[in-house]
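# Structural features, examined
Next come the chains, spelled out residue by residue.
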Number of protein chains: 2
Amino acid sequence: MPRIAIDAMGGDFGPEPIVNGVLQALKQAEFHAILVGDEDKIRPLIPKKALKNISFEPASDVFDMAEQATEALKRKQSSIYIATELVRENKADALVSAGHSGATMSLATLRIGRLNGVSRPPIATLMPTTKRGKLTLVLDVGANVDCKAEHLFEFAIMGEAYAKEILHINKPRIGLLSNGEEDCKGNEAVKATFSMLKSTPNFIGNVEGNQIFDASVDVIVCDGFVGNILLKTSEGLASSIGKIIKRNIKESALATIAAVFLKRAFKRLKADIDYDEYGGAPLLGVKKCTIISHGKSSPKAIKNAIFQAIKFSNSNINAVIENSLEEYAKLNFQENQ
Amino acid sequence: MPRIAIDAMGGDFGPEPIVNGVLQALKQAEFHAILVGDEDKIRPLIPKKALKNISFEPASDVFDMAEQATEALKRKQSSIYIATELVRENKADALVSAGHSGATMSLATLRIGRLNGVSRPPIATLMPTTKRGKLTLVLDVGANVDCKAEHLFEFAIMGEAYAKEILHINKPRIGLLSNGEEDCKGNEAVKATFSMLKSTPNFIGNVEGNQIFDASVDVIVCDGFVGNILLKTSEGLASSIGKIIKRNIKESALATIAAVFLKRAFKRLKADIDYDEYGGAPLLGVKKCTIISHGKSSPKAIKNAIFQAIKFSNSNINAVIENSLEEYAKLNFQENQ
């Protein structure tokens, strides 16, 4: 049974949505939750009969969203630091944090440590497509802002391992995000990455932004600057379209009435594209599972983040990443002989 | 009356949608259209009584979408080359092209020439927001893939001039697209651009992807690699949401019936976010107006591209760009003394 350390204090809305998410997850899945934070604040949120498979780990400090990530290493009493240490000391198998994402990344990278062959752990996220149930993995969506080709190449290998081991796609199609599908397109880093990836078996070439959503590719590789922008752009556009639809419907009384009969269709739309359905983004390339959730996560998002952590912990992804990177390093070494 | 040279042959669907767009535009606006291409193919598409304010300029060759932009300079009989030459020779005031966008850019930049102080002309595009009628200008969306801070700075100045002179916004809010709003966020080029822009009066700082759509900023600056990706991502997501809504409605007979009463609301949504409403993207920083349209442009898109060309030709934008760049260059020179 995977043991999951959860920073119960770090989210924007305090411990309540996080604890509620844990309780929802415990009803549906087998795992042990270690809630890290101020027990006096956390315990009252849990009904007595729900205490099975929950333990508490005290932490007197909370790392604030407004602080600099670089300070996180010094704040040894913070809930995120202590949750990370539980994983580092093998007292937990996975970390789930809705706290400061920069702090979570720094701590996971520096305290839990990188896998062999990984230069920079990327954040991966699942994006919805027009094909129900089919998701596209995009990485990096924010951890590494200036990337060289070697980093993007490693992201591709890590994304491939995620698609194989967690999404159970046998031959995942790996695409490199660029400003055109043609082989010659890209900025300098992307063009150099293309040359490195073109001999890997699952690489399908450059892909464009619209392919995130059309189910034509399983893994999309980009740097963390571009990935963050496309994620925020997508979230912003989806929410704007929702607002425009509502406004346009309200402009007509007839449409307002008719819309009642469409509630289910719109609800499904929300479920089809809702972030809460995935709940968190794994930081790949660190020695243990780390799931980073939005600060504003709902209980449902936290529940799904925990499900991701369970799947990750029960998988072989990290061994696959290390083996793949080692093999490519060997190949590269031979080619250069 | 502005004289507009239109590449009648370059679009993906041949001359028909382009000529129809010109005819629609002529019904609503005062301009003279110079249709460049194979007169035998173009003239039959025009009713005799509509020939007023249309002239023809023969071109025996068409530059194909699959060709390399670098070849465009050699293809002196192509419709896009000849249309550009009309502008260069002052026989036309503006160029509208739905042909090969790389070729259009190269020819406009090299044959019509850059404004004083402009290193690299960017493509600017208008994006819809949740506030009806309010648009956000985003630049560069594809002309310049690897940009230095000086280039991004110039884009900001050109975008500001566009917002003032064409959109008639007195004090346009200029934002720098980044992976976070905080001053410290950005990749190396963005951080360096931030330092250059921070003393300019209308700069509001870093903005995030979602701010494209929320009407909180008038001009958003990014490099052409990021801009192309965010444009394609937005187009892809908007079309995917449309498909998902349709699918979800079809899953219920009741919803299918009710949806009939929502047709107008959805039609307005389409109008609110539809590319055809803007029709083309100006290439800023060249000596004459150049509007680049999609290869797949509908007649409506071409019509709106022509309206953009008219507004541009009737404005002072190019003088404002040259003056602003000159003043900032002087300031910079003084600071460095």
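Predicted model only: the values in this text are computed from it and were never measured. (Residues numbered from 1 in each chain as written. Chains lettered and ligands numbered in written order. Predicted model: local features only at pLDDT ≥ 70, side-chain atom pairs only at ≥ 80, totals over all residues. Heavy atoms only, no water.)

### Quick notes on the overall build of chain A
Stated precisely, the cut-off is as follows: Each helix corresponds to a stretch of at least 4 residues labelled H or I by DSSP, and each strand to a stretch of at least 2 residues labelled E; elements are numbered beginning at the N terminus. Every radius of gyration here is taken over C-alpha atoms, with the globule rule written as 2.2 Å times N^0.38, N being the number of residues. Burial status follows relative accessibility: with a 1.4 Å probe on protein chains alone, a residue under 20% of its type maximum counts as buried, one over 50% as exposed, and anything between as partly exposed. When checking whether two residues touch, look at their non-hydrogen atoms; a contact exists if any pair is within 4.5 Å.
Secondary structure summary: chain A contains 11 helices and 11 strands in total. Taken over the C-alpha trace, chain A has a radius of gyration of 21 Å; the compact-globule value for 337 residues is 20 Å, and the two agree within 12%. Each of the three principal axes of chain A carries a C-alpha extent, and together these read 65 × 60 × 35 Å. When the 337 residues of chain A are sorted by exposure, 57% land in the buried category. Long-range contacts, defined as pairs at least 24 residues apart, comprise 69% of the intrachain contacts of chain A with a sequence gap of at least 6.

### Describing the packing of helix H5 (residues 149–165) of chain B against helix H6 (residues 188–197) of chain B
Residue and element names in this part refer to chain B. To be explicit about the condition: In this analysis an axis means a line fitted to C-alpha atoms, helices contributing only their contacting stretch, and an angle means the value between N-to-C directions, from 0 to 180 degrees. For classification purposes, an angle smaller than 35 degrees is called roughly parallel, one larger than 145 roughly antiparallel, one from 65 to 115 roughly perpendicular, and anything else oblique. By definition, turning the near helix anticlockwise from the far helix through less than a right angle yields a left-handed crossing, and turning it clockwise yields a right-handed one. The classification used treats Ala, Val, Leu, Ile, Met, Phe, Trp, Tyr, Cys and Pro as nonpolar, Asp, Glu, Lys and Arg as charged, and all other residues, Gly among them, as polar.
Here H5 crosses H6 at 50 degrees, and the two axes come no closer than 8 Å. Our classification of the angle between H5 and H6 gives oblique. Here the hand of the crossing between H5 and H6 comes out right-handed. Residues Ala149, Glu150, Leu152, Phe153 and Ala156 of H5 touch H6, and the partners they reach there are Ala189, Ala192, Thr193, Met196 and Leu197. The residue inventory of the contact of H5 with H6, partitioned by class, reads 8 nonpolar, 1 polar and 1 charged.

### A short note on the sheet that holds strand E2 (residues 32–37) of chain B
Residue and element names in this part refer to chain B. To keep things clear, this is the line we draw: The criterion for strand pairing is that DSSP finds at least two bridges linking the strands in question.
In space, the 6 strands of this open sheet follow the order E3-E2-E1-E4-E11-E10, with mixed pairing throughout. In this open sheet, the two edge strands, each paired with only one partner strand, are strand E3 (54–58) and strand E10 (281–282). Bridge count for strand E4 (residues 94–97) against strand E11 (residues 289–292) is 4 bridges, and the pairing is parallel. Bridging from a neighbouring strand, Val96 pairs with Ile291 of E11. Sheet contacts for helix H4 (residues 101–112): E4 and E11; angle to E11, the most-contacted strand, approximately 170 degrees. Of the strands in this sheet, strand E1 (3–7), E4, E10 and E11 are in contact with helix H10 (residues 299–313), which crosses E11 at around 160 degrees.

### Here we look at the pattern of salt bridges
Residues and elements named next belong to chain B. Short version of the rule: By convention in these notes, a salt bridge is any Lys or Arg side-chain nitrogen within 4 Å of a carboxyl oxygen on Asp or Glu.
Taken as a whole, this structure holds 28 salt bridges over all chains when the rule is applied. Where Asp12 meets Lys296, a salt bridge forms, and the shortest distance between an N and an O atom there is 2.9 Å. Of the two residues, Asp12 sits in the loop between E1 and helix H1 (15–28) while Lys296 sits in the loop between E11 and H10, which places them 284 residues apart along the sequence. Here Asp61 and Arg75 are joined by a salt bridge, their closest N and O atoms 2.7 Å apart. Here the residue Asp61 occupies a position in the loop between E3 and helix H3 (79–88), and Arg75 occupies one in the loop between E3 and H3, the gap between them amounting to 14 residues.

### Overview of the relation of the copies chain A and chain B
To keep it simple, the criterion reads: Copies overlap after least-squares fitting; the atoms used are the C-alpha atoms of residues with pLDDT of at least 70 in both.
Superposition of chain A onto chain B requires a rotation of 180 degrees combined with a translation of 0.0 Å along the rotation axis, giving an RMSD of 0.0 Å. In symmetry terms, the pair is related by a two-fold rotation axis. Scanning chain A for the C-alpha nearest the rotation axis identifies Ala258 of chain A, at a separation of 2.5 Å. An overlap of 100% is found between the interface residues of chain A and their copies at the interface of chain B, pointing to a shared contact surface.

### Overview of the domain arrangement of chain A
All names here are of chain A. This is how it is decided: Each domain's extent was defined by an automatic or database domain assignment. Joining two parts hides part of their accessible area as seen by a 1.4 Å probe, and the buried area is that hidden amount summed over both.
What the domain assignment reports for chain A is domain 1 (1–118 + 285–336) and domain 2 (126–276). On a C-alpha basis, the centres of domain 1 and domain 2 stand 24 Å from each other. Tallying the contact residues gives 22 residues for domain 1 and 15 residues for domain 2. Of the roughly 1,600 Å² buried where domain 1 meets domain 2, counting both sides, 68% is carbon and sulfur surface. When the buried area of domain 1 at its contact with domain 2 is split by residue, His294, Ile317 and Tyr328 rank highest and sum to 30% of it.

### Side note on helix H7 (residues 224–250) of chain A
Put simply, the rule is: What a helix should span is 1.5 Å times the count of its residues minus one. Two N or O atoms form a polar contact when they lie within 3.5 Å of each other; inside protein one atom must be a possible hydrogen donor and the other a possible acceptor, and for residues adjacent in sequence the pair counts only when both atoms belong to side chains.
An ideal rise of 1.5 Å per residue puts 39 Å on 27 residues; H7 of chain A measures up with 39 Å between its terminal C-alpha atoms. Of the residues flanking the start of H7 of chain A, the one acting as N-cap is Asp223 of chain A, its side-chain oxygen 2.8 Å from the backbone nitrogen of Phe225 of chain A.

### Re the nonpolar core
The condition that has to hold: Definition of nonpolar core: a set of buried residues of the types Ala, Val, Leu, Ile, Met, Phe, Trp, Tyr and Cys, connected through side-chain atoms within 4.5 Å.
Core analysis: the largest hydrophobic core is formed by 222 residues, its most contacted members being Ile306 of chain A together with Leu35 and Ile306 of chain B. Sorting elements by how many residues they give to this core places H7 of chain A first, with 11 residues. Among residues more than four places away in sequence, those in contact with Leu35 of chain B are Ile6, Ala8, Val19, Val22, Ile42, Ile46, Ile54, Ser55, Phe56 and Glu57 of chain B.

### Focus: the interface of chain A and chain B
Counting residues at the interface gives 50 residues for chain A and 50 residues for chain B. Carbon and sulfur atoms supply 70% of the area that chain A and chain B bury against each other, a total of about 4,600 Å² over both sides. The interface formed by chain A and chain B contains 2 salt bridges. For Glu208 of chain A, the salt bridge is made with Lys232 of chain B, and the minimal N-O distance between the two is 2.1 Å. Joining chain A to chain B, the criterion identifies 9 residue pairs in polar contact (both at pLDDT 80 or more). Residue assignment for the side of chain A that touches chain B shows that the elements contributing at least two residues are helix H6 (188–197), H7, helix H8 (253–260) and helix H9 (263–273) of chain A. Sorting elements by how many residues they give to the side of chain A that touches chain B places H7 of chain A first, with 19 residues.

### As for the side chain of Asn206 of chain A
Residue and element names in this part refer to chain A. Examined against the element boundaries, Asn206 turns out to sit in strand E8 (residues 203–207). Polar contacts involving the side chain of Asn206 include one to the main-chain carbonyl oxygen of Glu182, which spans 2.9 Å. A distance of 3.3 Å separates a polar side-chain atom of Asn206 from the backbone oxygen of Lys185. For Asn206, the residues in contact, after removing those within four places along its chain, are Leu176, Ser178, Gly180, Glu181, Glu182, Asp183, Lys185, Val190, Phe194 and Gln211.

### A few points about the packing of aromatic side chains
Residue and element names in this part refer to chain A. Heads up, the rule is: Whether two aromatic rings pair depends on their centres lying within 6.5 Å, for rings of Phe, Tyr and Trp, where Trp uses its six-membered ring; planes under 30 degrees apart make the pair stacked, over 60 edge-to-face, and the rest tilted.
Per the counting criterion, the structure on display carries 4 aromatic pairs over all chains. Ring centres of Phe153 and Tyr328 lie 5.5 Å apart, and the angle between their planes is 90 degrees; this geometry places the pair in the edge-to-face category. Here Phe153 is found in helix H5 (residues 149–165), whereas its partner Tyr328 is found in helix H11 (residues 317–335), with 175 residues between them in sequence. Each member of the pair Phe153 and Tyr328 is classed as buried. Note on Phe194 and Phe203: the rings are 5.4 Å apart at their centroids and 75 degrees apart in plane angle, and the pair reads as edge-to-face. The pair Phe194 / Phe203 is uniform in exposure class, with both members buried.

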